[in-house]
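Analysis of the macromolecular model
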Amino acid sequence: MSVATHKLIKGATGDWEMVIGMEIHAQVTSKSKLFSGASTEFGGEPNTHVSLVDAAMPGMLPVINEECVRQAVRTGLGLNARINLRSVFDRKNYFYPDLPQGYQISQYKSPIVGEGEVLVELEGGRSVTVGVERLHLEQDPGKMLHDRSPSLSFIDFNRCGVALMEIVSKPDIRDAEQAKAYVTKLRSILRYLGTCDGDMEKGNLRADVNVSVRRPGGPLGTRCEIKNMNSIAFMGQAIEYEARRQIEIIEDGGAIEQETRRFDPNKGETQSMRSKEEAHDYRYFPDPDLLPLEFGQDFVDGLKAALPELPDQKKARFIAAFGLSPYDASVLVAERESAEFYETVLAKLADRARDGKMAANWVINELFGRLNKEGRDITGSPVTASQLAAIVDLIGEGTISGKIAKDLFEIVWQEGGDPRALVEARGMKQVTDLSAIEKVVDDIIAANPDKAAQVRDKPQALGWFVGQVMKSSGGKANPQVVNDLLKSKLGI
Amino acid sequence: MSVDAATVRRIAHLARIAVGDDEVPHLQGELNAMLAFVEQLSEVNVEGVEPMTSVTPMQMKKRPDVVNDGEIADDIVANAPATEGHFFLVPKVVE
Amino acid sequence: MTDLTSLTLAEARKGLAQKSFTSLELTDAHLSAIEAARVLNAFVLETPEQARAMARAADGKIASGEGGPLAGIPLGIKDLFATRGVRTTACSKILGNFVPTYESTVTSQLWRDGAVMLGKLNNDEFAMGSSNETSCFGPVGNPWRREGSNATLVPGGSSGGSASAVAALLCMGATATDTGGSIRQPAAFTATVGIKPTYGRCSRWGIVAFASSLDQAGPIARSVRDAAMLLRSMAGHDPKDTTSVDIAVPDYEAAIGRSVKGMKIGIPREYRLDGMPAEIEKLWSEGAAWLEAAGAELVEVSLPHTKYALPAYYIVAPAEASSNLARYDGVRYGLREQGRNIIEMYENTRAEGFGAEVKRRVMIGTYVLSAGYYDAYYLRAQKVRTLIKKDFEDCFAKGVNAILTPATPSAAFGIGEKGGADPVEMYLNDIFTVTVNMAGLPGIAVPAGKDAQGLPLGLQLIGRPFDEETLFSLGEVIEEAAGRFTPVRWW
Ligand SMILES: [Mg+2]
Ligand SMILES: [Zn+2]
């Protein structure tokens, strides 16, 4: 990674560089829990999605959900990571009321997925590669409510035992922009794979962010961990704040204490949660209720073969097949839904090779622009992929002009309907009939002899004539035909 | 290896067992007797030996992803010392 | 009517089938015996109503010819097995009045086959003990006494209630569990038959966990045949326990009477301890002679890591227990002691709820897993375990069919006699049995003789993985030769 890709912070004594690593907890998409048959459905009456196993009744035993294993392996493949054919579940022992067993079943020394990497794109065509250290499966704890009573906490185990993937990055991230882009990209990959819905508001994807500062390229500083960030925007603020806090302390001659912190979005600052002297001793050891998790390479190969096309591959294909700019291709693939929308438009086009790029422009500029303006997302678009494809078809085949197409788009947005039928019914067709256009062209040349004379010396003035003709035809004249006709009549 | 009184207190706290000052010397003696007993393992050559992870060599069976459990909130809280509306209650935890 | 409680399970099955008596009569006879034997403290909960209801149901099934293999047979259940709607405590204060809403797999299989539950049996708290003195319900009395003595002896542990009840004719058989010898040692102390099957043979689902990689359920009964009958119902694969093995359960009873001719019986050199009482020595050679007389071939074998089994066990078992017992925190069930905050609530609850032995083991287990000690203790012990298992594998690879050892280093001792100053003194009781748990093998204890004071002694046979049948065949040879031992009733 070159220094140019990231931002340094100016301190009183010189420049500082951030070193950021992340642990992302992503809820695995599955119907039932990691080790029990209770539902993973969000919400529900307290303790309804809870089995005897989840509540850690005496004598209960975990049985692993094969789907969670598949999802973890698929995610590993999506992160270009090493898949471990043998991994081990360990117990992480600590007491907390949201943890019924008194331990979390997790993976410590032998995770299911080893090293991988994520390509992260930044503004202005820059990109960085963030290494993935590991991915492991573990249980989500339950939920505690502290606002129902002044003296008591209420506990609900509905979420308890739902499978999480903990994805640990290497400390390869160097500023808040990269951190935000990394989470965005990771979330996108998970959503393409369908292994996590990425719903950060529900806490289905949350990040613990480790931040430290150092002199550029210098030795690593002491890090602090900001826990449970479930908003990408707040994450950026938290990192900026935390880095400045650490720099101030160091520049004032102090030392950073390794600790866990939380971000208060109202105050825009990070606050200490617990310090090192209370550090846990988790007493990890292999869970004797579970045998090692083993599968063959054929299992991995099968999952690999069935993997969907991921954003990086899709982007490359869009560029190669339709000549999209890397930027446009990135915009389209950023969200699984927009890529799917564009792909559906492509599938419906009469001539994909000819109009694929135009379709991309329409999706990005007209559709996304309009959706953004109204604060809607692609899944709520009033213009369907079929309708948009029909509009692009009409332009591509020369039935309507680009200008008319914008009017047509507006009608479809407002009223719906079949674009082709609308063009027919409302007389929006482009005039390509030579004789009809010829009359208009002749009239305009005749009415502007001085301009016609000029144009022979200044061919750029042709544009004025084109505009006039288009205007008097109500935008319906085919611009190419008008152009050709004017050129021959004006003798250029 | 043997443990001192501070270690006994630290272990008791890790295990969440309240231990009175008067109990510490006794516990310390017992734990040290056990540690002295297990000390003889240090004479075994375990170089290159795999730790036992499962007594029976077999593949772990997996469960299909079906919802076939839960919806027994009454059972879940049936033995609880303190509940309200199917929630478990504990002294307020300050986070 | 003749005393129905003195029948073996096999005899009772025959009597029920021939309509010589009903299950209700058989059950009532046992319920009366239990009432009369409360001084033994074998039962911590009697369930007469339920017993009679189950007996009536069994009688109905027997009458219509639908009776299962254990139809109408009254059994006692160790209080470590969760029984739906019936208080289950593991004999710990911390479980308080815990009433499971579920039934353990093992007991549900017994009820499936028609057995009748008389009540819940005493055991060492969380099965941690070798004398049944750590139970929150108090110690269990052994129906055996030294000749000419009125002193109450321990029945062994942790399945002391099971062994005592079976020996005192309070139930026809009992469930038990064995983590380091907890079936075989009390069986030896009470002249009953106890088998710990291969790890994975019985489901652990619904059994209060002590040490997950060592715990295994098995029966205690009055004869080898009875034990075989019970194990057949208790064993079997359970999808709810992924450490249970998916191998068909044989008809163990069919192994009884099968010839043992030509079988190679290993006599392990390392089990000949310094200072071993002469009567144990004598019992062992007698047992060997009986097997030889039946056509088996005796071979001296070596299990070089034997002496490390007990110390390794006292790392592995407490480590697993410290984690398994973390769920007893006063939040979801059981005892809760108040505190000024959540941490104090935990600490007070666990200080009040756990007995001394449990606390000691939870603490040592916590220590050996704690930061900086894991490799030196737990990891090393698990490596030693691999070596112990390999010793047995090498032995079996040389064609040895089973290994014969004493079951215990002594006969039963008096309540309060052992382990007062040094816990290790008590732990040495399991010196012959614990290797079997460490290696996950099956082991059976069969009564074989008496010591000079008239107390029963047992022999242990250790088998190949999942070859419980051979143990039943050989066990019966010893049983036939040694004869049956019944305590003189004093209670
Ligand atoms: Mg973490
Ligand atoms: Zn985690």
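Remember, predicted model here, so these are calculated numbers, not experimental data. (Residues numbered from 1 in each chain as written. Chains lettered and ligands numbered in written order. Predicted model: local features only at pLDDT ≥ 70, side-chain atom pairs only at ≥ 80, totals over all residues. Heavy atoms only, no water.)

The next thing to look at is the coordination of the zinc ion (ligand 2). Residue and element names in this part refer to chain A. Distances from the zinc ion (ligand 2) to its protein donors, His25 (NE2), Glu138 (OE) and Glu166 (OE), fall at 1.9 to 2.1 Å. Along the chain, the residues donating to the zinc ion (ligand 2) fall in the pattern H-x112-E-x27-E. Taken as a pair, the zinc ion (ligand 2) and the magnesium ion (ligand 1) show a spacing of 3.9 Å. One end of the pair, histidine 25, is in strand β2 (residues 14-27); the other, glutamate 166, is in strand β10 (residues 163-169), and 141 residues separate them in sequence. (Donors = N, O, S within 2.8 Å, 3.2 Å for Na, K, Ca; no water. Helix = DSSP H or I, 4+ residues; strand = E, 2+ residues; numbered from the N terminus.)

This part takes up the interface of chain C and chain B. Each partner contributes to the interface: chain C provides 66 residues, whereas chain B provides 50 residues. Taken together, the links from chain C to chain B amount to 3 salt bridges. A salt bridge links lysine 61 of chain B to aspartate 246 of chain C, with the nearest nitrogen and oxygen atoms 2.4 Å apart. Put simply, chain C and chain B have 18 residue pairs in polar contact (both at pLDDT 80 or more) between them. Elements supplying a minimum of two residues to the side of chain C that touches chain B: α9 (309-324), α10 (342-353), α11 (356-369), α12 (375-397), α13 (423-427) and α14 (434-439) of chain C. For the side of chain C that touches chain B, the leading source of residues is α12 of chain C, giving 12 residues. Here the residues of the side of chain C that touches chain B sort into 36 nonpolar, 17 polar and 13 charged. (Contact = heavy atoms within 4.5 Å. Salt bridge = Lys/Arg side-chain N within 4 Å of Asp/Glu carboxyl O. Polar contact = N/O pair within 3.5 Å; in protein donor to acceptor, adjacent residues only side chain to side chain. Nonpolar A, V, L, I, M, F, W, Y, C, P; charged D, E, K, R; others polar.)

It is worth spelling out the sheet that holds strand β4 (residues 90-93) of chain A at this point. With antiparallel pairing, 3 strands are arranged side by side in an open sheet as β5-β4-β15 (chain A). Bordering the open sheet on either side are β5 (103-106) and β15 (285-286) of chain A, each of which pairs with just one other strand. Pairing geometry for β4 of chain A and β5 of chain A, over 4 bridges, is antiparallel. Each bridged residue has a counterpart across the sheet, and for lysine 92 of chain A the counterpart in β5 of chain A is glutamine 104 of chain A. Set on the sheet, α9 of chain C makes contact with β4, β5 and β15 of chain A; between it and β4 of chain A the angle comes to about 60°. (Pairing = 2+ DSSP bridges. Axes fitted to C-alpha atoms, helices over the stretch in contact; angles between N-to-C directions.)

Further remarks concern the packing of aromatic side chains. Each aromatic ring pair is summarised here by two numbers: the centre-to-centre distance and the angle between the ring planes. Taken as a whole, this structure holds 32 aromatic pairs over all chains when the rule is applied. Relative to tryptophan 413 of chain A, the ring of phenylalanine 409 of chain A lies with its centre 6.1 Å away and its plane at 40°, an arrangement referred to as tilted. In this pair, phenylalanine 409 of chain A and tryptophan 413 of chain A are both assigned in helix α10 (residues 402-415), 4 residues apart and thus about one turn of the helix distant. By relative accessible area, which is 3% here, phenylalanine 409 of chain A ends up buried. Ring plane angle 85° and centroid distance 5.1 Å describe the contact between tryptophan 464 of chain A and phenylalanine 465 of chain A, whose orientation is recorded as edge-to-face. Of the residues examined, phenylalanine 465 of chain A reaches a relative accessible area of 1% and is grouped as buried. By the ring-pair criterion, three or more aromatic residues cluster together here, those being Phe98, Tyr102, Phe126, Trp205, Tyr328, Tyr333 and Phe354 of chain C. A cation over a ring is seen here: lysine 451 of chain A above tryptophan 464 of chain A, with NZ or CZ 4.5 Å from the ring centre. Here the guanidinium or amino end of arginine 145 of chain C rests over the ring plane of tryptophan 490 of chain C, the centre of that ring lying 3.8 Å away. (Phe/Tyr/Trp six-rings, centres within 6.5 Å; stacked < 30°, edge-to-face > 60°. Buried < 20%, exposed > 50% of the residue type's maximum accessible area, 1.4 Å probe, protein only. Lys NZ or Arg CZ within 6 Å of the ring centre and 35° of its normal.)

Take the sheet that holds strand β9 (residues 152-156) of chain A next. Read across the sheet, 4 strands follow the order β8(A)-β9(A)-β2(B)-β1(B) without closing on themselves; strand pairing throughout is antiparallel. Edge positions in the open sheet fall to β8 (143-145) of chain A together with β1 (83-84) of chain B, since each of these has one partner strand only. Pairing geometry for β8 of chain A and β9 of chain A, over 3 bridges, is antiparallel. Looking at β9 of chain A, one finds that leucine 145 of chain A is bridged to phenylalanine 154 of chain A.

All names here are of chain A. Burial of β4 is two-sided: the residues Asp90 and Lys92 facing one way and the residues Arg91 and Asn93 facing the other way are all buried. As paired elements, β4 and β15 share 2 bridges and run antiparallel to each other. Pairing of aspartate 90 across the sheet is with proline 286, part of β15.

What follows is about the nonpolar core. With 206 residues, the main nonpolar core has Phe126, Leu170, Phe392, Leu404 and Phe472 of chain C as its most contacted residues. With 10 residues, the single largest contributor to this core is α9 of chain C. Those residues in contact with phenylalanine 392 of chain C that sit more than four places away from it in its chain are Tyr271, Leu303, Ile403, Thr435, Ala439, Leu441 and Ile462 of chain C. In this structure, Phe35, Tyr103, Ile173 and Met200 of chain A belong to the second largest nonpolar core, which totals 110 residues. (Core = buried A, V, L, I, M, F, W, Y, C linked by side-chain atoms within 4.5 Å.)

Quick look at the interface of chain A and chain B now. Listed per partner, the contact involves 50 residues of chain A and 36 residues of chain B. Between chain A and chain B the total buried area reaches about 3,800 Å² when both faces are included, carbon and sulfur atoms providing 61% of it. There are 23 residue pairs in polar contact (both at pLDDT 80 or more) connecting chain A and chain B. Taken together, the elements giving at least two residues each to the side of chain A that touches chain B come down to α1 (66-78), β8, β9 and β16 (293-294) of chain A. (Buried area = accessible area lost by both parts, 1.4 Å probe.)

Inspection of every chain in the model, using the stated rule, returns 66 salt bridges over all chains. Glutamate 253 of chain C is paired through a salt bridge with arginine 13 of chain C; the nearest N and O atoms lie 2.7 Å apart. Here the residue glutamate 253 of chain C occupies a position in the loop between α7 (224-234) and β7 (264-268), and arginine 13 of chain C occupies one in helix α1 (residues 9-17), the gap between them amounting to 240 residues. Residue classification places glutamate 253 of chain C among the buried residues on the basis of a relative accessible area of 15%. Across the pair aspartate 241 of chain C and arginine 204 of chain C runs a salt bridge whose closest N-O atoms are separated by 3.8 Å. Here aspartate 241 of chain C is found in the loop between α7 and β7, whereas its partner arginine 204 of chain C is found in the loop between β5 (193-196) and β6 (216-221), with 37 residues between them in sequence. No difference in accessibility class separates aspartate 241 of chain C from arginine 204 of chain C, as the two residues are buried. Counted as one network, the salt bridges with shared partners bring together Arg91, Asp287 and Asp289 of chain A together with Arg204 and Asp241 of chain C.

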